[in-house]
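# A structural walkthrough
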Amino acid sequence: MPAIPRPLLWLLAAFCALPSCLAPPPPILVETPFGGVRAANAEKATEIAALLEDLAPRVQEVLPGSQDRAIDVWVQEKLRVYRFNERPESVRGFTLLSDEFRAKRIHLQEDGQSPWYLSHELVHALIGTSWKTLPGIMEEGLADVVAEQLNPTYASHIRAHRLLNASAFSEGFYLRIAYNRPERDRPSSDWERRIQTFRAETTAKISAKLLPRIFSTSRNNLHEEWPEIPEAFYGMAWLITSRIAERGGLEKLHELCLRAEREGYEIVPVEWIFEAADVDWDRMDTEFLSACFGPGEMRAAAYLQPELFSQLAIDLLKPMWPAFRNRRALFWYVKPALRLSNGSEVPIRSIGPLMGSIFASWNERPLSSAN
Ligand SMILES: [Zn+2]
């Protein structure tokens, strides 16, 4: 959730400093020791105030070099700073900066996964100057890794969301579906269990060759280069930051920033980043990305983007259709399941949104010669 690009802010400020241009503050204010929360009604203000009181001190605790300060939060139905300037629907929150490392306020979208979004924005609001050599996009990765650490109930959701985003750079990921292959003259209990591998690709596709440039762009230049940061960048930023955190905690990443500053670099050399994450940017291929999906992430991904999975499942199952009286019988006997990297299986029938998507698009999808 990007902070508003400052050049835009200054321009708008110069053009329209009139109070009438500014979006009005939400009416209801609930104060906390960590900042004031404004929202349209007392219930929402109280809910987010309780979240702020829980999350702000914990962000300060887990984020090395964080600022000890309060930060106000505005909860808005439509995210905006100015009356006439709404942020795109996909943006769920942003942090308004009055200067580098000086946050003015957090804006949070009213509905949605507030623990994730607020934790994320608190990282932008409380990050200290000792992180100034951090590549711009990695602050987004840091914000999501902290959100994941502080909100375990959202962890596999955040991980799956970001892995799906990151798969834009790896030409997708491999989806393995296990199933019992029907055989006319044998009882179903003797049917052979088979695995079909598919390449699952999201609509976004970005060349991995861009990665060194993305990860060597400073905080200041990020929004100049990409005024609207593609979600795929967030995915890769989370993946790289998460791998560094798994191999040495956030302290390891912070230490890279301090070392870069000591050695006179404006930004942490991209080689240090990829080395600390133990990746070669030019080998982050489909197999690499597939191996990043653990059972929890794969299941969450099927909930998040069921259509991505249902198309492939239909391609596999539809040719078997004529052998069965109805789909229920097909699923009962063929037992299609997502085959996970650890060899375990998640029955497709147990993932409601995926079954719904399969049934919804079953007739539209032409019979393919998948098997
Ligand atoms: Zn962000």
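The rules behind the values
Residues numbered from 1 in each chain as written. Predicted model: local features only at pLDDT ≥ 70, side-chain atom pairs only at ≥ 80, totals over all residues. Heavy atoms only, no water. Pairing = 2+ DSSP bridges. Helix = DSSP H or I, 4+ residues; strand = E, 2+ residues; numbered from the N terminus. Axes fitted to C-alpha atoms, helices over the stretch in contact; angles between N-to-C directions. Parallel < 35°, antiparallel > 145°, perpendicular 65-115°, else oblique. Contact = heavy atoms within 4.5 Å. Nonpolar A, V, L, I, M, F, W, Y, C, P; charged D, E, K, R; others polar. Core = buried A, V, L, I, M, F, W, Y, C linked by side-chain atoms within 4.5 Å. Buried < 20%, exposed > 50% of the residue type's maximum accessible area, 1.4 Å probe, protein only. Phe/Tyr/Trp six-rings, centres within 6.5 Å; stacked < 30°, edge-to-face > 60°. 1 Å grid on protein atoms, 1.4 Å probe; cavity = no way out; pocket = protein on both sides within 12 Å on 5 of 7 lines; lining within 4 Å. Points joined across faces, edges and corners; volume = space filled by probe spheres on them. Expected span 1.5 Å × (residues − 1). Polar contact = N/O pair within 3.5 Å; in protein donor to acceptor, adjacent residues only side chain to side chain.

## Observations regarding the sheet that holds strand β10 (residues 337–339)
The 4 strands are arranged β9-β8-β10-β11 in an open sheet whose pairing can be described as antiparallel. The sheet is open, and its two edges are formed by β9 (192–200) and β11 (345–347), each paired on a single side. The mean inter-strand angle of the sheet, taken between neighbouring strand axes irrespective of direction, is 30 degrees.

## Some points on the packing of helix α5 (residues 152–166) against helix α12 (residues 295–304)
Relative orientation of the contacting elements α5 and α12 amounts to 75 degrees, with a least axis distance of 8 Å. With respect to their mutual orientation, α5 and α12 come out roughly perpendicular. For the pair α5 and α12, contact is made by S156, H157, R159, A160, H161, L163 and L164 and by G296, E297, A300, A301 and L304, respectively. When grouped by side-chain class, the residues that make up the contact of α5 with α12 number 6 nonpolar, 4 polar and 2 charged.

## Examining the nonpolar core
Formed by 113 residues in total, the largest nonpolar core has its most connected members in L118, L122, F215, I240, F309 and L338. Sort the elements by how many residues they give to this core and helix α8 (residues 231–246) lands first, with 10 residues. C21, Y82, V91 and F94 belong to the second largest nonpolar core, which has 7 residues in total.

## Comments concerning the packing of aromatic side chains
This structure, assessed with the given rule, holds 13 aromatic pairs. A centroid spacing of 5.1 Å and a plane angle of 80 degrees characterise the contact between W226 and F233, whose relative ring orientation is edge-to-face. A relative accessible area of 12% means that W226 is categorised as buried. Among the residues examined, F233 registers a relative accessible area of 2% and is labelled buried. Members of the aromatic cluster, connected to one another through ring pairs, are F169, W226 and F233.

## A word on empty space enclosed by the protein
In this structure the tally under the stated criterion is 1 cavity of 30 Å³ or more. As a volume, the largest cavity reaches approximately 40 Å³. Around the largest cavity, the lining residues are E77, K78, L79, E86, R87, P88, E89 and Q109.

## As for the side chain of T133
Structurally, T133 is set in the loop between α3 (114–126) and α4 (136–150). Residues within four places of T133 in sequence aside, it is in contact with C257, A260, E261, Y265, E266, I267 and V268.

## Some points on helix α2 (residues 42–62)
Since the α-helix packs 3.6 residues into each turn, any two residues three or four apart lie on the same face. The first and last C-alpha atoms of α2 sit 30 Å apart over 21 residues, in line with the 30 Å expected at 1.5 Å per residue. All buried positions along α2 are accounted for by K44, A45, I48, A49, L51, L52, L55, A56, V59 and Q60. The secondary structure elements touched by the buried residues of α2 are β1 (28–32), β2 (35–39), β3 (73–76), β7 (102–109), α3 and α4. Where α2 starts, the residue carrying a side-chain oxygen 3.3 Å from the main-chain nitrogen of E43 turns out to be N41.

## Notes on the sheet that holds β1
Across the sheet, which stays open at both edges, the 5 strands sit in the order β1-β2-β3-β7-β6 with mixed pairing between neighbours. Edge positions in the open sheet fall to β1 and β6 (93–99), since each of these has one partner strand only. The sheet shows a mean angle of 20 degrees between the axes of neighbouring strands, taken without regard to direction. The sheet contact formed by β6 and β7 spans 6 bridges and is antiparallel. Looking across to β7, one finds that G93 is bridged to L108. In the packing of α2 onto the sheet, contacts are made with β1, β2, β3 and β7, and the angle to β1 comes to roughly 20 degrees. Those strands touched by α3 are β3, β6 and β7, and its axis lies near 170 degrees from that of β7.

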